[in-house]
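# Commentary on secondary and tertiary structure
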Amino acid sequence: MRYRTLPSKPILGNALRSPVLNPPDLMVSHPQPSDRPSLAHRPASVTSRSTGTRRHRTSRSHTGGSSYRPQNEFPNFAQTGDVEIVVNADGQERRYMLHRLILAQNSGFFEAGTSEDWSKAQSRGQSSGVGPGNTLGSIGEDEETGREQGRPACPGAQSGRFIWRYELDWGNKDEEVPMLVQKQTQPTMFGGDQYQPPPVPNKPAAPSHGFLKSMSNFSAMQSASHIAKSNPAHNTDSDIIRDYDNLFRIFYNYAPSLDAVNIAESYIQCKSLLTLADMYDALEVVGPRIDHHLLQFQGRLWKQIAKYPPSYLKLGYLARSKVIFAEALVHVIGQWPSGSSQLRHTVPPDVLEVIEDKVDDLHDLKMRAEAKLFRLTLTTTRGERITPTNGYMDWLALSLFRQWLAENTTPPPPPVPKTPDSGRSHHAQHPPVSSGTLFRLLGTGGSGYLARDELKRFMKLRPEDSGRDTLKKFEKRMDEIKALAREIVRPLNKSYLELDLGRDGGGLGYLTCTKIDESDYPWD
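Residues numbered from 1 in each chain as written. Predicted model: local features only at pLDDT ≥ 70, side-chain atom pairs only at ≥ 80, totals over all residues. Heavy atoms only, no water.

If you look the protein chain up in an unreviewed UniProt entry, it shows as BTB domain-containing protein from Lepraria neglecta.

A separate point is the side chain of T380. Mapped onto the secondary structure, T380 falls in the loop between α17 (349-374) and α18 (392-409). If we ignore the near neighbours within four places in the chain, the residues touching T380 are I386 and N390. (Helix = DSSP H or I, 4+ residues; strand = E, 2+ residues; numbered from the N terminus. Contact = heavy atoms within 4.5 Å.)

Another point: the environment of D281. Within the secondary structure, D281 is located in the loop between α11 (263-279) and α12 (283-295). With a relative accessible area of 14%, D281 lands in the buried category. The sequence separation of D281 and F109 amounts to 172 residues, and the corresponding C-alpha distance is 6.1 Å. (Buried < 20%, exposed > 50% of the residue type's maximum accessible area, 1.4 Å probe, protein only.)

With that settled, the discussion passes to the UniProt feature "domain: BTB" (unreviewed entry) in the protein chain. Per the UniProt record, the feature "domain: BTB" (unreviewed entry) sits at residues 81-112. Measuring from the first to the last C-alpha atom of residues 81-112 gives 18 Å, for a span that is 38% helix and 44% strand. (UniProt positions renumbered as here; feature names shortened; annotations may be inferred.)

For the structure on display, the rule yields 21 aromatic pairs. An aromatic cluster of at least three residues, connected via ring pairs, comprises F74, F77, Y96, F109, F110, Y166, Y244, F248, F251, Y252, Y254 and Y280. The ring of Y317 carries R320 above its face, with NZ or CZ at 4.8 Å from the centroid. Above the ring of Y449, the side-chain terminus of K482 is found at 4.9 Å from the ring centroid. (Phe/Tyr/Trp six-rings, centres within 6.5 Å; stacked < 30°, edge-to-face > 60°. Lys NZ or Arg CZ within 6 Å of the ring centre and 35° of its normal.)

Okay, the packing of α17 against α18 next. Taken N-terminus to C-terminus, the directions of α17 and α18 make an angle of 155°; their axes are 10 Å apart at the nearest point. Put simply, α17 runs roughly antiparallel to α18. For the pair α17 and α18, contact is made by E370, L373 and F374 and by F401, R402, L405, A406 and T409, respectively. For the contact of α17 with α18, the residue count by class is five nonpolar, one polar and two charged. (Axes fitted to C-alpha atoms, helices over the stretch in contact; angles between N-to-C directions. Parallel < 35°, antiparallel > 145°, perpendicular 65-115°, else oblique. Nonpolar A, V, L, I, M, F, W, Y, C, P; charged D, E, K, R; others polar.)

Before going further, it helps to examine unusual backbone geometry. Omega for the bond connecting F74 with P75 falls within 30 degrees of zero, at 5°, which places this linkage in the cis form. The residue Q298 is not glycine, and still its phi comes out positive at about 50°. With respect to the helices and strands, Q298 occurs in the loop between α12 and α13 (299-307). Accessibility expressed as a relative area gives 44% for Q298, which makes it partly exposed. Unusually for a residue other than glycine, R320 sits at a positive phi of about 55°.

Once that is clear, we can look at the pattern of salt bridges. On inspection of all chains with the given rule, the structure shows 15 salt bridges. Close ionic contact of R95 with E84 constitutes a salt bridge, the shortest N to O distance being 2.7 Å. Taken together, the residues span a long stretch of sequence, with R95 in strand β4 (residues 92-98) and E84 in strand β3 (residues 83-89) at a distance of eleven residues. Judged by its relative accessible area of 42%, R95 is partly exposed. A salt bridge links D243 to R242; the shortest N-O distance between them is 3.1 Å. D243 sits in the buried class, given a relative accessible area of 6%. Salt bridges sharing common partners tie together E84, E93, R95, R165 and E167. (Salt bridge = Lys/Arg side-chain N within 4 Å of Asp/Glu carboxyl O.)

Right, let's get into α12. Taking 1.5 Å of rise per residue, the 13 residues of α12 would be expected to cover 18 Å, and the 17 Å separating its terminal C-alpha atoms lies within 8% of that figure. For α12, every residue scored as buried is listed here: L283, V285, V286, G287, I290, D291, H293 and L294. Where the residues of α12 are buried, they touch α4 (100-106), α10 (237-251), α11, α13, α14 (309-319) and α15 (322-335). (Expected span 1.5 Å × (residues − 1).)

Now for the environment of L438. With respect to the helices and strands, the residue L438 is situated in helix α19 (residues 435-444). Between the C-alpha atom of L438 and that of T409, which follows or precedes it by 29 residues, the distance is 8.0 Å. Look past the residues within four positions of L438 in its chain and what remains in contact with it is W404, L405, N408, T409 and V433.

Here it is, written out as structure tokens:
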């Protein structure tokens with residue numbers, strides 16, 4: 001029977017990969033020739049027994065021993081992670097061991113903080129006065145010390161692989177927004193490229209702009225501070241832990257933990273997470289997740305946007321959500337300038353430019369429609385324009401329509417001041433209806449305005465023209481005028497909202513006929 005020795009290299013590799021080194025396994029893997037008799041001078045029985053014993057030892061269970069592998073999944077990639085992140089808030093501590101490659105792909109902040117230039121600057125700063133054992137050069141010293149003491153050298157130590165460490169710095173809690181700060185880097189026990197992070201599919205390319213730009217512009221932090229002061233009930237420290245956990249979950253293609261029942265609470269959570277992503281230049285990755293989550297509310301989302309269009313306009317812009325941004329933008333344009341105070345200093349100039357351009361377009365469209373309505377006329381059977389001489393009743397119908405239109409498109413004149421000798425009382429005129437309500441009335445026609453009873457009262461002003469036949473003819477001509485007006489205002493009564501307005505316009509007093517084109521999204 002021939003003696004077969006076990007290969008020592010794989011066993012050594014397994015032992016070194018495990019966090020706990022088992023001395024007996026190492027000795028089995030490295031037999032010392034001087035301590036054992038040669039194979040030629042050993043009895044066959046001893047050789048057989050030794051071989052069987054060695055086979056039994058290599059196949060035994062190492063429960064709790066050298067074959068134990070630590071956790072290597074989110075959020076603790078103990079074997080392959082090289083970025084340690086500690087988040088302390090609300091008396092809780094969350095630790096993450098993540099991958100530099102994935103963090104840099106998703107965040108401009110981590111891309112810059114873990115870059116080669118930044119690491120070199122850090123190492124120079126450490127070697128200038130931090131203390132022994134923490135500089136880049138100390139890895140080789142530790143390796144030589146390990147050889148002198150009989151310890152195995154760490155493979156890949158000369159490759160300079162380090163663990164980056166970040167901790168949440170609260171600063172002045174009342175005035176500053178807590179942010180991750182990079183601490184002193186530490187050399188890993190198992191360096192080199194021996195372990196690579198698991199691939200994460202469908203990850204976007206690293207942002208070409210952002211970290212330096214976003215760090216020079218503290219609008220995101222000011223926005224977060226404003227949210228903190230205006231919503232104290234939703235700014236607890238536990239919310240910060242939730243936001244950071246959701247941020248890292250998204251980096252690893254896990255769904256964020258957001259409220260899927262209460263849309264108001266979900267909005268607050270999404271806005272807080274987007275503000276955090278803006279601080280770390282990760283909107284391109286976090287935005288689509290927020291968009292997908294909110295769109296699941298469907299009808300309830302459209303109603304919320306109608307109630308708070310400026311807020312959802314800002315959220316849609318941060319999330320790069322075309323659907324949410326366009327829905328809120330149509331409301332904002334129709335209500336403008338009522339929401340201008342909430343948007344003037346909180347959205348980028350590009351967004352304001354889009355709003356103002358669309359408002360001007362809508363104003364021009366309304367002016368052209370009003371001009372056509374005032375020029376609206378009827379013709380005789382010979383094709384002549386109606387005048388008091390060739391069609392008196394038709395002319396009266398046109399006059400009544402234009403009077404109603406003028407009252408509802410122009411503000412009432414200022415009241416005449418009372419004089420001491422004037423005993424006459426002046427009745428206050430009702431203000432005109434909103435443009436949205438006016439054009440929807442014109443688009444509806446029928447009895448929505450200038451109904452039969454109102455026409456009767458008008459005809460009774462001339463008793464000789466209040467007959468039944470005359471009234472029917474008058475109503476017929478008024479219906480013709482309303483039909484012409486309906487065609488004129490048809491473009492204004494279109495709605496580009498996802499919200500179903502119904503026949504009455506959903507109670508909205510403004511127009512929703514603004515179409516948002518692909519070129520109107522300010523981030524494209």
